[in-house]
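Examination of the molecular architecture
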Amino acid sequence: MAEEKLLLLKNIRKSGYKGTLADYRKTGGFTALDKALKQMKPEAVQAVVKDSGLRGRGGAGFPTGVKWGFMPKDTGKPSYLVCNADEAEPGTFKDHLLINEDVHMFLEGMIVSCYAVDCHHGYIYIRGESMKSAKHLQQAIDELYKEGLLGKNILGTGYDLDMTVHRGAGAYICGEETALLESLEGKRGQPRVKPPFPAVAGYNGCPTSVNNVETLATVPWIVNEGAEAYKALGTPNNAGTHLVSISGHVKQPGVYEVELGVSLRSLIYDYAGGIRGDKQLKAVVPGGASSPVLTADEIDVPYDFDSLVKAGTMMGSAAPMVYDEDTDIVELAYRTTRFFNHESCGQCTPCREGNFWLKNLIRDFLDDAGDESKMSRVKRVAGGMIGTTLCPFGDAAGMPTVAFVQKFPEEFRKHFP
Amino acid sequence: MPEFNAKTLKEADALCERYAEKLHALLPLLHLVQRENGGWLPPGWDAYIAEYCETTLNHVRGVITFYNMYHTEPVGKYHLMVCTCVPCGLCGGDGVLEHLEQRLGLRPGQTSPDGLFSLEEVQCLAACDKAPLVQVNEEVYERVGPDQLDKLIDDARKKSA
Ligand SMILES: Cc1cc2nc3c(=O)[nH]c(=O)nc-3n(C[C@H](O)[C@H](O)[C@H](O)COP(=O)(O)O)c2cc1C
Ligand code: SF4
Ligand code: FES
């Protein structure tokens with residue numbers, strides 16, 4: 001196996017590491033918290049994160065320090081940091097790895113980040129199905145309260161912080177940050193109209209930053225090692241390492257930590273061990289179900305935010321799903337639209353109706369009742385969802401569907417009567 | 001109308017204190033009711049929770065129907081969730097579902113008459129590297145084949161006999 005660049009998984013990869021508080025302390029855990037609280041002003045923490053070039057790991061890749069900077073100060077309202085641990089994008093399972101196996105590293109990142117945005121009550125929104133991970137998180141938080149690392153007067157510095165785990169209840173859309181905030185307020189998880197953005201009016205109408213688990217878990221490393229050290233990793237404008245969840249027909253599915261810019265081919269063949277049964281590769285969906293598919297000829301692309309956009313797709317949540325020569329692309333397309341149809345929140349007509357039509361249209365192909373006009377209808381309906389909806393879900397559902405038909409027309413033609 | 005007992009009331013009040021408003025605790029409160037009632041929301045609880053959160057019954061019902069995990073019908077003691085999303089569905093998820101359907105005589109969404117098992121087809125559970133998989137209550141069983149599934153069912157039956 002090719003070598004990983006270990007920042008976030010450095011503890012997890014050590015044999016015998018269990019992720020207990022004692023384990024984490026032994027590896028130098030909580031030194032970033034100590035440094036931040038005792039030697040740095042919140043603005044200084046924000047500045048180092050901004051200078052590091054860290055971009056959000058939840059899917060959109062927005063610069064974290066810049067996002068924090070959008071939160072207005074002196075509004076007289078409290079500020080909130082909400083961690084997005086919904087992780088429901090098909091193919092993605094990296095955030096759960098951090099929570100399950102190195103929870104204190106993540107929590108240290110969460111606490112330092114709360115300090116940076118002057119937040120005194122942080123929320124962790126975790127998907128409802130992950131009951132075990134939620135309990136594990138809660139136990140770790142209880143422990144930190146006992147140790148004086150949460151609660152009043154943390155490390156004797158006068159900084160107070162409460163932390164609450166909020167379980168979702170099974171709805172992919174709650175990963176979208178404004179739907180998540182609605183859900184956190186006890187409502188249906190339906191995305192809000194933006195603006196106002198959460199930075200201005202988020203949880204309970206107060207300035208709020210929503211950040212992904214991996215994003216926050218990276219903050220202690222940056223505080224310890226500095227912005228330059230982080231920027232030195234990866235490619236220009238795509239700093240650092242990324243946890244990549246690889247699944248599908250590879251020999252070793254799993255999470256790999258690599259510098260941004262490694263080739264997609266290398267991820268599949270060197271890290272994940274190549275295709276199961278030494279078969280030929282047919283297709284890769286490179287960044288979760290919302291990203292447009294790549295053909296086997298298109299995988300010599302650097303795996304980073306900007307290169308994948310240039311290649312007509314996106315890195316999304318960094319979750320390549322790899323499919324071998326025996327895969328029926330129509331089956332793949334069907335499952336993808338079925339997912340989006342199931343998860344649409346129903347507010348916008350193009351998304352609600354479009355996904356329903358797409359699912360039925362593609363179902364026709366599976367029943368060998370496809371034809372050319374249905375193929376163009378799939379493209380037209382999916383295309384009509386792009387850019388016409390309230391939240392990015394419409395694009396996320398439309399773009400991959402268009403790509404399946406455009407890049408694999410022959411696969412669809414196999415399903416003509 | 002059902003209501004919280006002294007212990008759950010205390011737990012519920014503590015939940016509410018974690019939020020800026022009582023209503024914000026609605027999701028955890030519904031989880032609490034389900035935990036106390038064998039995994040579902042028996043009739044009347046929606047109205048009680050609405051009163052407790054100082055909101056409308058409509059609001060509570062709207063929330064209950066929006067999310068997949070709130071059940072208004074009883075679920076089995078063993079709630080089997082099979083992932084047939086992408087990529088699991090293309091890595092054997094359908095086979096797992098079919099096997100369980102046959103062994104249990106249930107279709108997705110159904111509960112066995114003895115109340116022991118319920119079967120559900122679910123979307124991605126953030127464990128795709130473990131495909132094919134089934135989550136039974138809180139526990140994920142990874143790379144499951146027919147033998148392991150049979151054993152799971154037999155063990156559950158023995159335990160409840
Ligand atoms: C439909 C949809 C689903 C999303 N799901 C997730 C998710 O599960 N986890 C996540 O961190 N971000 C998800 N996002 C992105 C969030 O809206 C938000 O950009 C992110 O949490 C911000 O964190 P970051 O800046 O650290 O990346 C989703 C976005 C959309 C449109
Ligand atoms: S695009 Fe879809 S998921 Fe997003 S708000 Fe509209 S209907 Fe809801
Ligand atoms: S697709 Fe089944 S766990 Fe992700």
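See above for the structure.
I will try to describe carefully the structure that is included in this document.

Cut-offs used in this document
Residues numbered from 1 in each chain as written. Chains lettered and ligands numbered in written order. Predicted model: local features only at pLDDT ≥ 70, side-chain atom pairs only at ≥ 80, totals over all residues. Heavy atoms only, no water. Helix = DSSP H or I, 4+ residues; strand = E, 2+ residues; numbered from the N terminus. Buried < 20%, exposed > 50% of the residue type's maximum accessible area, 1.4 Å probe, protein only. Contact = heavy atoms within 4.5 Å. Lys, Arg positive; Asp, Glu negative; His and termini not counted. Charge placed at Lys NZ, Arg CZ, Asp CG, Glu CD. Areas by Shrake-Rupley, 256 points an atom, 1.4 Å probe, with all protein chains shown as cover. Buried area = accessible area lost by both parts, 1.4 Å probe. Salt bridge = Lys/Arg side-chain N within 4 Å of Asp/Glu carboxyl O. Polar contact = N/O pair within 3.5 Å; in protein donor to acceptor, adjacent residues only side chain to side chain. Nonpolar A, V, L, I, M, F, W, Y, C, P; charged D, E, K, R; others polar. Near = heavy atom within 4 Å. Pairing = 2+ DSSP bridges. Axes fitted to C-alpha atoms, helices over the stretch in contact; angles between N-to-C directions.

Thoughts on the overall build of chain A
- Within chain A one finds 17 helices and 12 strands.
- Taking all 417 residues of chain A together, the buried fraction comes to 61%.
- Considering only contacts in chain A between residues 6 or more positions apart, those separated by 24 or more positions represent 69%.
- The distance from the centre of the 46 positive side-chain charges to the centre of the 52 negative ones in chain A is 2 Å.

Notes on the overall build of chain B
- When its secondary structure is counted, chain B shows six helices and four strands.
- Going residue by residue from the N terminus, the α and β elements of chain B occur as α-α-α-α-β-α-β-β-β-α.
- Taken over the C-alpha atoms alone, chain B extends approximately 50 × 35 × 25 Å along its principal axes.
- Residues classed as buried in chain B amount to 53% of the 161 residues present.
- For chain B, contacts bridging at least 24 residues in sequence account for 61% of all contacts bridging at least 6.
- Only carbon and sulfur atoms are counted for the fraction: they give 49% of the accessible area of chain B, which is about 7,500 Å².
- Taking the average place of the 15 positive charges on the side chains of chain B and the average place of its 24 negative ones, the gap between the two points comes to 5 Å.

Remarks on the interface of chain B and chain A
- Counting residues at the interface gives 40 residues for chain B and 59 residues for chain A.
- At the boundary of chain B with chain A, total buried surface from both sides reaches about 3,800 Å², with 57% on carbon and sulfur atoms.
- Among the residues chain B hides against chain A, the three largest losses belong to R18, F66 and L90 of chain B. Together they make up 18% of the total.
- Taken together, chain B and chain A are joined by four salt bridges.
- Joining chain B to chain A, the criterion identifies 25 residue pairs in polar contact (both at pLDDT 80 or more).
- Counting residues per element, the side of chain B that touches chain A draws most heavily on helix α4 (residues 57-66) of chain B, which supplies five residues.
- Residue classes in the side of chain B that touches chain A are distributed as 21 nonpolar, 11 polar and eight charged.

Here we look at the environment of P74 of chain B
Residues and elements named next belong to chain B.
- By secondary structure assignment, the location of P74 is in the loop between α4 and β1 (78-83).
- We classify P74 as partly exposed; its relative accessible area is 44%.
- Taking C-alpha positions, P74 is 9.1 Å from S118, a pair spaced 44 residues apart along the chain.

A closer look at the site of ligand 1
Residue and element names in this part refer to chain A.
- Around ligand 1, a shell composed of 18 residues is seen, among which G58, K67, N84, N212 and T215 lie nearest.
- Note that an oxygen atom of ligand 1 is positioned 3.4 Å from one of the backbone N or O atoms of A88.
- Note that an oxygen atom of ligand 1 is positioned 2.8 Å from one of the side-chain N or O atoms of N212.
- Protein burial of ligand 1: of its 610 Å² of free accessible surface, 90% is covered by the chains.
- Per element, the largest residue contribution to the shell around ligand 1 is three residues, and it comes from strand β5 (residues 208-212).
- Considering only residue class, the shell around ligand 1 consists of five nonpolar, seven polar and six charged.

Structural notes on the environment of F106 of chain A
All names here are of chain A.
- Residue placement: F106 occurs in helix α6 (residues 103-116).
- When the C-alpha positions of F106 and T337 are compared, they lie 33 Å apart, and in sequence the two are 231 residues distant.
- Contacts of F106, omitting those with residues within four sequence positions, involve C83, I99, I124, L137, V213, L216 and A217.

So, the pattern of salt bridges
- One pass over the full model with this rule turns up 42 salt bridges over all chains.
- Between D94 of chain B and R335 of chain A there is a salt bridge whose closest N-O contact spans 2.6 Å. With one member in each of two chains, D94 of chain B in helix α5 (residues 93-104) and R335 of chain A in helix α13 (residues 329-343) form a pair that bridges those chains.
- Note that R413 of chain A is salt-bridged to E410 of chain A, the shortest N-O span being 2.8 Å. Pair noted here: R413 of chain A and E410 of chain A are both in helix α17 (residues 409-413), with a separation of three residues, about one helical turn.
- Three or more residues are tied together by salt bridges with common partners; here these are R57, K94, D95 and E214 of chain A.

A closer look at the sheet that holds strand β3 (residues 151-154) of chain A
Residues and elements named next belong to chain A.
- The strand order across the open sheet formed by five strands is β3-β4-β2-β1-β5, and the pairing between neighbours is mixed. The open sheet has two free edges, formed respectively by β3 and β5, since each of these has just one partner strand. Across the sheet, the axes of successive neighbouring strands diverge by a mean angle of 25°, strand direction being ignored.
- In this structure, β3 lies alongside strand β4 (residues 159-167), joined through two bridges in antiparallel fashion. By the bridge assignment for β4, G151 is matched with L161.
- Sheet strands in contact with helix α9 (residues 213-225) are β1 (79-85) and β5, and its direction is about 90° off that of β5.

Topic: the sheet that holds strand β11 (residues 294-295) of chain A
Residue and element names in this part refer to chain A.
- In spatial order, the strands read β9-β8-β12-β10-β11; together these five strands make up an open sheet with mixed pairing. Whereas interior strands pair on both sides, the edge strands pair on one side only; in this sheet they are β9 (254-259) and β11.
- Here strand β10 (residues 281-285) pairs with β11 via two bridges, running antiparallel. Residue pairing across strands places V284 opposite L294, the latter belonging to β11.

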